[in-house]
Amino acid sequence: MKSFLPEPRKTSLGVFLLNLLIAGAVTPLYAFPDYVDFIGIKSGRETNCALCHINPEGPAGLGIGQMGRLDSLQQNKLARARAAMAAGFDVESPILNSFGNSIIKTMGRRKFLDLWQDALLRKDPLVLEQITKSLDPKSDLDGDGIPDVRELLDGTHVLSKNHGSPGRLFMVNAKRSAVHLVAILAGLGLVIFGLRRLLRSRSFSGL
Amino acid sequence: MILSNLFLKTRNALAQWFPLENLTIEHIRKKDVPIHGLSWGYFTGGSVLICLLIQIVTGGLLLFYYEPTVSEAHASVEYITQMVPGGAWIRNLHAWGSSAMIFFIILHMLVTFAMKAFTKPREITWILGMGLLVITFGLGFTGYLLPWNQIAVNATKVVFQSIEEVGQYLPGGLAELPRMAREVIQGEASVGQATLSRFYAIHVMVLPFSILGLLGLHVLLVQLHGISEGVDKKAAVRERFFPDFVIKDLMLWAALAGLLFTLAICLPFDSLVDFPLLQPYNPLGATPSGIKPEWYFFFVFYPMEMLPFWVIIIAMTALMGGLLLAPWIFKNTSRKILQILAAIAAVYLAVMTLWGGQIHAWVSGGL
């Protein structure tokens with residue numbers, strides 16, 4: 001399988017450690033295409049930054065939910081979100097959607113970055129699967145009946161209740177709407193039953 | 001003398017095509033349906049009709065909230081899906097209904113072809129059927145743009161581009177026709193508000209009224225001519241059209257409605273598409289990968305990706321011409337041959353629709 005990670009460069013231990021330090025200190029918490037690539041590999045579906053960001057094009061730019069459009073209040077919120085190194089802080093990053101914010105709240109920014117760097121260093125995309133073990137397995141932000149973690153691995157939209165793995169969504173909706181389905185199918189079944197009786201009726205055929 | 005002959009010939013032809021003397025209650029009561037190996041095909045026409053009824057009702061309801069402007073179209077569709085009570089169900093039913101309608105109209109065409117039901121005096125019925133097929137595809141194409149999302153707009157752009165490319169294969173002044181057609185339908189330099197307005201008008205007014213007009217005439221002619229025999233020897237077993245066949249048709253309608261209702265409740269149509277393609281169209285953003293038309297255009301879309309464009313133009317022209325003129329081209333062809341041709345077409349359509357993507361990837365990888 002073709003690796004999605006860049007080719008390793010030969011560096012001295014000192015330069016390597018320095019790079020690691022700089023990466024940990026200054027890498028901004030946005031635009032991690034490696035995560036998008038990982039989800040694509042896992043699910044076989046096309047995805048984009050809208051998995052976690054407000055703007056599908058990512059956080060860089062002047063559009064809605066992008067860095068160039070943030071007012072001072074939003075910039076403060078962004079700074080607070082970036083300071084959430086440990087798990088458990090309420091994060092309201094203006095560049096992340098509610099799923100992105102929930103990831104940082106559940107994992108903390110430090111763990112998120114460590115995981116990403118670990119994947120880069122090991123050249124192993126499956127390392128990123130660790131993110132699913134860090135998230136709440138029962139969380140279902142869009143209420144579609146499929147946990148966020150499952151949706152992430154399926155490459156479907158975590159915040160749209162009309163988007164999910166077709167098979168899973170079918171089963172969930174069938175269970176949820178069982179009463180409606182039974183009523184509809186029973187009604188139509190009775191119509192068919194009545195029509196069959198009508199067809200077999202000798203008196204009607206004699207018309 | 002010549003004029004008199006021409007008048008007589010025309011009158012005779014019209015009398016054969018439109019036997020209005022059969023427009024009586026007595027004729028309807030006497031009308032029967034042959035029962036043989038292909039008689040299941042008689043129900044495909046009714047299946048198209050129930051789908052059309054569902055489309056009219058659900059489409060009418062969607063009009064209450066849909067806003068045909070580039071700034072509001074996507075948001076209004078999202079509003080219907082997320083906020084309007086029952087909106088997601090109605091929208092899903094409309095989407096599944098359109099696919100079902102196209103599936104059944106193609107099946108109806110293939111079965112009618114295999115039965116050789118287009119022969120004299122049913123030529124006009126067949127041609128009207130072809131018109132209905134084209135209009136149905138037109139409804140699918142125009143409706144695809146209305147949600148104004150990435151896949152809708154970009155796929156429409158690809159189609160417009162293909163239309164314009166046809167021009168380079170046409171001689172002289174005809175070469176300008178595709179470009180002019182594109183400009184008229186598109187309405188402006190690129191796909192934008194004018195295009196959306198035109199597609200909206202075509203989708204909710206022009207094509208529905210056209211389909212109702214043609215369908216009325218099509219059904220009237222079926223009524224006047226009766227049901228085609230469909231086999232070489234007159235079927236020994238027959239059933240009365242009314243009430244027997246009509247009741248069976250209604251039973252099938254109920255079963256189909258049940259299937260579509262279930263799908264609309266349990267499986268949102270959007271879940272079949274990758275979510276980046278469902279996001280609002282961004283004219284300044286990059287075109288996302290995976291842009292393709294709806295499944296019912298795969299039979300021409302994937303060959304277009306794999307073969308030179310001129311091959312597709314020749315094939316499509318031959319196909320459309322052949323189908324339109326089938327009553328005359330296949331006048332003396334046996335039903336056996338027609339059934340083989342229909343079966344080949346069905347297999348081709350199924351393979352391209354289900355595995356066209358894999359075939360394309362395999363061919364691209366192998367080159």
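Preceding this paragraph is the structure being described.
Criteria and thresholds
- Residue positions are given per chain, counted from 1 along the sequence in the order it is written.
- As they are written, the chains are lettered A onward and the ligands numbered 1 onward, keeping that order.
- In keeping with the model being predicted, local features are shown solely for residues with a pLDDT of at least 70 and side-chain atom pairs are shown and tallied solely at 80 or more, while totals for entire chains, interfaces and linings include all residues.
- Side-chain numbers come from the whole structure's heavy atoms, not from hydrogens or water.
- Helix and strand definitions here come from DSSP, where helices need a minimum of 4 consecutive H or I residues and strands a minimum of 2 consecutive E residues; each element is numbered from the N-terminal end.
- Each residue gets one of three labels from its accessible area relative to the maximum for its type: buried under 20%, exposed over 50%, partly exposed in between, using a 1.4 Å probe on protein chains only.
- Residue contacts follow a heavy-atom distance rule, with two residues in contact if any of their heavy atoms lie within 4.5 Å.
- Helix axes use the C-alpha atoms of the stretch in contact, all axes being lines fitted to C-alpha atoms, and the angles between their N-to-C directions lie in the range 0 to 180 degrees.
- Angles are sorted into four bins: roughly parallel if under 35 degrees, roughly antiparallel if over 145, roughly perpendicular if 65 to 115, and oblique for all others.
- Working rule for handedness: look at the near helix, and if it is turned counterclockwise from the far one by less than a right angle, call the crossing left-handed; if clockwise, right-handed.
- The criterion is simple. A nonpolar core is a set of buried Ala, Val, Leu, Ile, Met, Phe, Trp, Tyr and Cys residues joined through side-chain atoms within 4.5 Å.
- Computed with a 1.4 Å rolling probe, the buried area is the accessible surface lost when two parts are put together, summed over both parts.
- Each salt bridge in this description consists of a side-chain nitrogen of Lys or Arg and a carboxyl oxygen of Asp or Glu lying within 4 Å of one another.
- Under this definition, polar contacts are N or O atom pairs within 3.5 Å; protein pairs additionally need one hydrogen-donor-capable and one acceptor-capable atom, and for neighbouring residues in sequence, both atoms have to be side-chain atoms.
- Under the scheme applied, nonpolar residues are Ala, Val, Leu, Ile, Met, Phe, Trp, Tyr, Cys and Pro; charged residues are Asp, Glu, Lys and Arg; polar residues are all the others, including Gly.
- Patch definition: residues with relative accessible area over 30% and no salt bridge; like charges joined within 9 Å; nonpolar side chains (Val, Leu, Ile, Met, Phe, Trp, Tyr) joined within 5 Å.
- Values of accessible area rely on a 1.4 Å probe in the Shrake-Rupley scheme; residue burial ignores everything except the protein chains shown.

Chemist: I'm lost on the overall build of chain B in this one. Help?
Modeler: The number of helices and strands found in chain B is 14 helices and 2 strands. On the principal axes, the C-alpha backbone points of chain B span a range of 65 × 55 × 45 Å. Within chain B, buried positions represent 47% of all 367 residues. A separation of at least 24 residues holds for 80% of the contacts in chain B among residues at least 6 apart in sequence.

Chemist: Hey, could you run me through the environment of L70(A) in this one?
Modeler: Residues and elements named next belong to chain A. Checked against the element boundaries, L70 lands in the loop between α2 (33-43) and α3 (72-82). With 115 residues separating them along the chain, L70 and L185 place their C-alpha atoms 52 Å apart. Discounting chain neighbours no more than four positions away, the residues touching L70 are Q75, L78, P94 and I95.

Chemist: Would you take a moment to explain unusual backbone geometry for this structure?
Modeler: A negative phi angle is the norm for most residues apart from glycine, just as the trans form is the norm for most peptide bonds. Residue and element names in this part refer to chain B. With an omega dihedral of 10 degrees, the bond running from K120 to P121 counts as a cis peptide bond. Structurally, the position occupied by P121 is in the loop between α5 (87-114) and α6 (123-145). Residues F242 and P243 are joined by a peptide bond in cis, for which omega reads 15 degrees. Inspection of the secondary structure assignment puts P243 in helix α10 (residues 241-266).

Chemist: How should I be thinking about the packing of helix α3 (residues 42-63) of chain B against α10(B) in this particular structure?
Modeler: For any two helices packed against each other, one specifies the crossing angle of their axes together with the interaxial distance. All names here are of chain B. Contact geometry for α3 and α10: axes closest at 9 Å, N-to-C directions at 50 degrees. It follows from the interaxial angle that α3 and α10 lie oblique. Considering how the two elements wind past one another, α3 and α10 form a crossing that is right-handed. Judged by residue contacts, Y42, F43, G46, S47, L49, I50, L53 and I54 of α3 engage F245, K248, D249, L252, W253, L256 and L260 from α10.

Chemist: I keep staring at the nonpolar core and nothing clicks. Help me out?
Modeler: Soluble globular proteins tend to bury their nonpolar side chains together. Ranked by size, the top nonpolar core spans 50 residues in total, and within it I106(B), F113(B), F118(B), W126(B), F137(B) and I211(B) carry the most contacts. When residues of this core are traced back to their parent elements, those giving at least two are α3, α5, α6, α9 (193-225), α10, α11 (298-306), α12 (309-324) and α14 (335-366) of chain B. The element contributing the most residues to this core is α5(B), with 13 residues. Sequence-distant contacts of W126(B), that is, excluding residues within four places in its chain, are made with M109(B), T112(B), F113(B), F118(B), L323(B), L324(B), A326(B) and P327(B). By size, the runner-up hydrophobic cluster in this structure holds 29 residues, among which are V91(A), I103(A), L128(A) and V158(A).

Chemist: Any chance you could explain the interface of chain B and chain A here in plain terms?
Modeler: Often the size quoted for an interface is simply the accessible area lost on bringing the parts together. Chain B puts 35 residues into the contact, and the matching count from chain A is 35 residues. Of the roughly 2900 Å² buried where chain B meets chain A, counting both sides, 68% is carbon and sulfur surface. At the surface where chain B touches chain A, the tally comes to 1 salt bridge. Salt-bridge contacts for D274(B) lead to R45(A); the nearest nitrogen and oxygen are separated by 3.5 Å. For the pair chain B and chain A, the interface holds 7 residue pairs in polar contact (both at pLDDT 80 or more). Counting residues per element, the ones that place at least two in the side of chain B that touches chain A are α4 (73-82) and α10 of chain B. Looking at which element gives the most residues to the side of chain B that touches chain A, the answer is α10(B), with 15 residues. Its residues placed into classes, the side of chain B that touches chain A shows 20 nonpolar, 9 polar and 6 charged.

Chemist: Would you mind going over a nonpolar patch on the surface with me for this structure?
Modeler: Residue and element names in this part refer to chain B. A contiguous nonpolar patch, built from V57, L61, L63, F64, Y65, Y79 and M83 and spanning about 730 Å² of accessible area, is present on the exposed surface. With 3 residues, α3 is the single largest residue contributor to the nonpolar patch. With respect to the secondary-structure elements, L63 resides in helix α3. Given the relative accessible area of 36%, L63 is considered partly exposed.

Chemist: How do you make sense of the pattern of salt bridges when you look at a structure like this?
Modeler: Close approach of charged atoms allows side chains with opposite charge to pair. Inspection of every chain in the model, using the stated rule, returns 14 salt bridges over all chains. The partner of R238(B) in a salt bridge is E229(B), and the shortest N-O contact between them spans 3.0 Å. When salt bridges that share partners are traced, they join R150(A), D154(A) and R168(A) into one network.

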